[in-house]
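Survey of secondary and tertiary structure
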Amino acid sequence: MPTCPRISQMNIWKCENERHRCGKMIEHNAAIPRCRAYLRDHKNVTEQKTTYLTWHRIIKNAESTVKAATTYARPRNCIRDGKLVDSASSAEPYIAISYVWDTRPSFKEWEGRRVTEQALHIADRLSKHTSYALWIDAICIDQDNEPVKMVELAKMADIYRGATAVLCLVPEIDQTTSRVVEHGTGMIDLDGFRALEHAGDTHGMYMFASQGSNKALHKLFSSRWWTRAWTFQEAVLNCVTFLVGEKEETIPISDVLKISHPISRRAATQKKDNLLGQLSSFWDSVHSMSDTMKVYMPLGTAISSVWRRQSTVTHDMAYSLLGVCRLETVTPDYRLPVEKVFADLVDKASSKGDFSWLRWSHLIDRDTACEGMSMVPVPATVLATPASAITEWRSVEVPQMSVVRGGTVGVCIPHRSTGVIRWQSQLEDIKGIIDMLQKLSYSPEDIWNLLFGLHVGLACDVDRAVGGSGLAQALLNLATGYIDGTLKLDDSVDDLVGEKPYTRGYGFTAYASMAAKVWRNAQLVVMRSQGGTTVVPAHSGTGQARLHKLPVESHRGTCLCLVVHDSTKFRASAIGVMVENDHAGSGSWQFTRFS
């Protein structure tokens, strides 16, 4: 058997002498060691000898084609040649800057306003390389003029969309980082990676793209820039966006996001929730940036990404979403109570037919939620969840309705009744609920979806993510074993990494371990109406209840549902996944303001 590559930068597979530890892959109908395909593709990429140009050279080369955007609102001011200039009444092109403020910023008086010394230093540094005007928030927005500040904040998305280019300042980037990212994107474009992707080989894809967990990527993604709420929007609204190091090292953000895809897939299918120094929730957020660059982002998806980040002012967790969700008609106002800010955010999304945010409402503790907030998710609730579920929930189109039931506070939500609850179980722990549903002859797929569809993902989506088929029973067996202690949570079967060949479908083990942590110490109840079944946590609702379909469903048509008790009919009791009965109908759409 031939030995694995021994070149120092190639020894990422830990193969020794005659023993392959890299696992096998199928390429052109033949089984070959992963390391051999990696060596071949690594050599091909290296021989191309391409190098990223610096941002100022790229902009200089494109200068003849640059035109100021006229379809977007312009910033009030920019800075050029060390002076504040009027941009609102000018068509002059400008470059927008995304960066993270110092944790303890130093301010100074400059041109009649208070600005940070950090921002002035950035302007001085970048102006040495370009004659373009620059837009830097700490300079170009008068931080002490609240009315002007609110107007400019409302234009933030347009400011970044309308810029000639966006520079994201990430001081952790150096020449090594640039080479590693450029090499990783080159590997992704070649046959070896494509074969791994076709097989659903998440470990192999990760090793090819990250070059064996290269330390340069660990350093790149450790930057504070990735953790701030506003930088998500700033990085995805303009197709000419670069990450820039302190010595002007430049990486197109599209290339960084390209390699984040296999990294995020690997993070989702390993039990140890730490990859390149980051949790899987971090990789959810980074990978979703690439989708946002193509289309607008539903609020539910944006919440799962941005609300895992941080902001100094809680209001910004809502306002930083406006651009990516196309909700710019919401006017930032930091004087409003934060609860009203989030209620207004979801209400505005609903008015545009976007109900995707309801997928996060199942996490709300309705017994402690203040008036009007029993359906409104908040960042602290999302941040407390370990990772985003892999299922994409989309809004269902509903007819226009003028009659609104309910109280004077809360959010308006469409729903369709599937009838009164005809039977409900006693409270049970997760093991007891699984046993009960099995005795009631629910399929493994339905049981998994009822219990873990919102927290982990629907069974069909886990199948698709790991390249398997019909894994629900195995998922339940593993999850039950982890829960009752008969199986130990370890990495012995995690994707069969090591000397064993990759076997399609084995990445599901991590999803079972995620499921085992979902309902720990929780009491659950099964509720059945004429239209279907749901499983929800214990709640304070009493008396007769009804099950209502919500206007949110998966790509396969599995929907979310709402439990409402007649005694508190304008305050929901619980939200869950609904398994619908065959041929069961539901009532017409109603519009209710739930407090």
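The rules behind these values
Starting afresh in each chain, residues are numbered from 1 along the sequence in its written order. Per-residue local features are limited, in this predicted model, to residues with pLDDT of at least 70; the limit for side-chain atom pairs, both in listing and counting, is 80 or more; totals at the level of whole chains, interfaces and linings are taken over all residues. For side-chain calculations, the full set of non-hydrogen atoms in the structure is used, while hydrogens and water are omitted. The secondary structure listing takes helices from DSSP runs of H or I that are at least 4 residues long and strands from runs of E that are at least 2 residues long, numbered from the N terminus. A contact between two residues is defined here by any heavy atoms of the two lying within 4.5 Å. The term polar contact refers here to a pair of N or O atoms within 3.5 Å; inside protein, the definition further demands a hydrogen-donor-capable atom paired with an acceptor-capable atom, and it admits residues adjacent in sequence only when both atoms are side-chain atoms. Each salt bridge in this description consists of a side-chain nitrogen of Lys or Arg and a carboxyl oxygen of Asp or Glu lying within 4 Å of one another. Each residue gets one of three labels from its accessible area relative to the maximum for its type: buried under 20%, exposed over 50%, partly exposed in between, using a 1.4 Å probe on protein chains only. Two cysteine sulfur atoms form a disulfide, by the criterion used here, when they sit within 2.5 Å. Note on geometry: axes are lines fitted to C-alpha atoms, helical ones only across the stretch in contact, with angles between N-to-C directions running from 0 to 180 degrees. Just so you know how the angles are binned, under 35 degrees is roughly parallel, over 145 roughly antiparallel, 65 to 115 roughly perpendicular, and the rest oblique. Note on convention: near helix rotated counterclockwise from far helix by under a right angle means a left-handed crossing. Clockwise means right-handed. Polarity classes work like this: nonpolar for Ala, Val, Leu, Ile, Met, Phe, Trp, Tyr, Cys and Pro, charged for Asp, Glu, Lys and Arg, and polar for all others, with Gly in that last group. Two strands pair if DSSP finds at least two bridges between them. Any two of the Phe, Tyr and Trp rings considered here, Trp counted by its six-membered ring, make a pair once their centres fall within 6.5 Å; the pair's planes then place it as stacked at under 30 degrees, edge-to-face at over 60, or tilted in between. Remark: a charge is flagged as sitting over a ring if the NZ atom of Lys or the CZ atom of Arg is within 6 Å of the ring centre and within 35 degrees of the ring normal. Per-residue confidence from the predictor is reported as pLDDT, a score between 0 and 100. By definition here, a helix of n residues has an expected span of 1.5 Å times n minus one.

**What about the environment of Ser-311?**
Positionally, Ser-311 belongs in the loop between α14 (299-306) and α15 (316-319). Filtering out sequence-adjacent residues up to four positions away, Ser-311 remains in contact with Arg-228, Ala-229, Asp-316 and Met-317. A distance of 2.8 Å separates a polar atom in the side chain of Ser-311 from the backbone oxygen of Val-313.

**Quick word on the pattern of salt bridges**
With the rule as written, the count across this model stands at 20 salt bridges. The shortest N-O distance in the salt bridge between Glu-248 and Arg-125 comes to 2.8 Å. In this pair, Glu-248 is assigned in the loop between β10 (241-244) and β11 (250-252) and Arg-125 in helix α3 (residues 117-127), connecting sequence segments 123 residues apart. What makes Glu-248 buried here is its relative accessible area of 5%. The residue Glu-553 makes a salt bridge to Arg-394 at a minimum N-O spacing of 3.8 Å. You can see Glu-553 sitting in strand β17 (residues 545-553) and its partner Arg-394 sitting in strand β12 (residues 394-395), a full 159 residues away along the chain. With relative accessibility at 23%, the residue Glu-553 sits in the partly exposed group. Its relative accessible area of 42% is what places Arg-394 among the partly exposed residues.

**Section: the state of the cysteines**
In the structure shown here, the tally under the stated rule is zero disulfides. The thiol sulfur of Cys-412 is not disulfide-bonded, and the nearest other cysteine sulfur, from Cys-370, lies at 17 Å. According to the relative accessible area criterion, Cys-412 is buried, its value standing at 8%.

**Here we look at the packing of helix α21 (residues 472-484) against helix α22 (residues 509-516)**
Working note: a packed helix pair is described by the angle between its axes plus the distance between those axes. For the pair α21 and α22, interaxial distance at closest approach is 8 Å and the crossing angle is 45°. With respect to α22, the axis of α21 lies oblique. Along this stretch, α21 crosses α22, giving a crossing that reads as right-handed. Within the contact between the two elements, α21 uses Leu-475, Leu-478, Ala-479, Tyr-482 and Ile-483 and α22 uses Thr-509, Tyr-511, Ala-512, Ser-513, Ala-515 and Ala-516. Partitioning the contact of α21 with α22 into residue classes produces nine nonpolar, two polar and no charged.

**Side note on the pairing of strand β3 (residues 77-80)**
A regular strand places its side chains so that they alternate between the two faces of the sheet. Pairing of β3 with strand β4 (residues 83-86) involves four bridges; the strand directions are antiparallel. What sits directly across from Cys-78, in β4, is Val-85. Between the antiparallel neighbours β3 and β4 lie two residues, among them Asp-81 with a positive phi of about 55°.

**Examining unusual backbone geometry**
For Ser-213, which is not glycine, the phi dihedral falls at a positive 55°. One non-glycine residue with positive phi stands out, namely Ser-441, at about 70°.

**A look at the packing of aromatic side chains**
Tallying each qualifying case throughout the model produces 13 aromatic pairs. Pairing Trp-13 with Phe-208 gives two aromatic rings, centres 6.2 Å apart and planes at 65°, and the pair type is edge-to-face. On the criterion of sequence distance, the pair formed by Trp-13 in the segment before β1 (24-27) and Phe-208 in helix α9 (residues 202-210) is long-range, its members being 195 residues apart. Take Trp-13: its relative accessible area is 6%, and that puts it in the buried class. Overall, Phe-208 belongs to the buried group, its relative accessible area being 0%. Connected via pairs of aromatic rings, a cluster forms that spans Phe-221, Trp-225, Trp-226, Phe-282 and Trp-283. When the ring centre of Phe-107 is taken as reference, the NZ or CZ atom of Arg-114 above it lies at 4.2 Å.

**With respect to the packing of α9 against helix α12 (residues 253-268)**
Put simply, α9 and α12 touch, their axes get as near as 8 Å, and they point 140° apart. The orientation of α9 relative to α12 falls into the category oblique. For α9 against α12, the interelement crossing comes out left-handed. Residues Thr-202, His-203, Met-205, Tyr-206 and Ala-209 of α9 lie in contact with α12, whose contacting residues are Ile-259, Pro-262, Ile-263, Arg-265 and Arg-266. Looking at the contact of α9 with α12, its residues break down into six nonpolar, two polar and two charged.

**Remarks on the confidence of the model for the protein**
For the protein, the mean per-residue pLDDT works out to 88, and 93% of the residues sit at or above 70. Under a pLDDT of 50 for its full length, residues 1-9 has, in the predicted model, 20 contacts with residues more than four places off or in other chains. Across residues 491-502 the pLDDT falls below 50, and counting only partners more than four positions away or on other chains, this stretch makes 39 contacts in the model.

**So, the environment of Glu-392**
Mapped onto the fold, Glu-392 is located in the loop between α17 (379-383) and β12. Considered as a pair, Glu-392 and Ile-253 are 139 residues apart in the sequence and their alpha carbons are 24 Å apart. Separated by 3.4 Å, the side chains of Glu-392 and Thr-301 make a polar contact.

**Observations regarding α14**
By the criterion of burial, α14 is predominantly enclosed, with eight of the eight residues buried. Of all the positions in α14, only Leu-299, Gly-300, Thr-301, Ala-302, Ile-303, Ser-304, Ser-305 and Val-306 are classed as buried. Those residues of α14 hidden inside the fold are in contact with α11 (229-236), α13 (280-292), α15, α16 (338-351) and α17.

**Let's talk about the pairing of β1**
Side chains of β1 alternate between two faces, with Met-25 and Glu-27 buried and Lys-24 and Ile-26 left unburied. Two elements, β1 and strand β2 (residues 30-33), share four bridges in a ladder whose sense is antiparallel. Bridge pairing in β2 links Lys-24 to Pro-33.

**A word on the side chain of Glu-27**
Turning to its location among the elements, Glu-27 is positioned in strand β1. Glu-27 sits in the buried class, given a relative accessible area of 8%. Beyond its immediate chain neighbours, meaning those up to four positions away, Glu-27 contacts Ile-32, Ala-37, Arg-40, Asp-191, Gly-192 and Ala-195.

**Section: α16**
The terminal C-alpha atoms of α16, which comprises 14 residues, lie 20 Å apart, in line with the 20 Å expected from a rise of 1.5 Å per residue. For α16, the elements touching its buried residues are α14, α15, α17 and β14 (411-424).

**Quick look at the environment of Ile-97**
Mapped onto the elements of the fold, Ile-97 is located in strand β5 (residues 94-98). Put simply, Ile-97 and Ala-119 are 22 residues apart on the chain and 9.8 Å apart in space, counted from C-alpha to C-alpha. When neighbours within four sequence positions are excluded, Ile-97 is seen to be in contact with Ile-122, Leu-126, Leu-134, Trp-135, Ile-136, Tyr-160, Leu-167 and Leu-169.

**Re the side chain of Ser-374**
Here Ser-374 shows up in the loop between α16 and α17. With residues near it in sequence (within four places) discarded, Ser-374 still touches Ile-364, Arg-366, Ala-369, Arg-571, Ala-572 and Ser-595.

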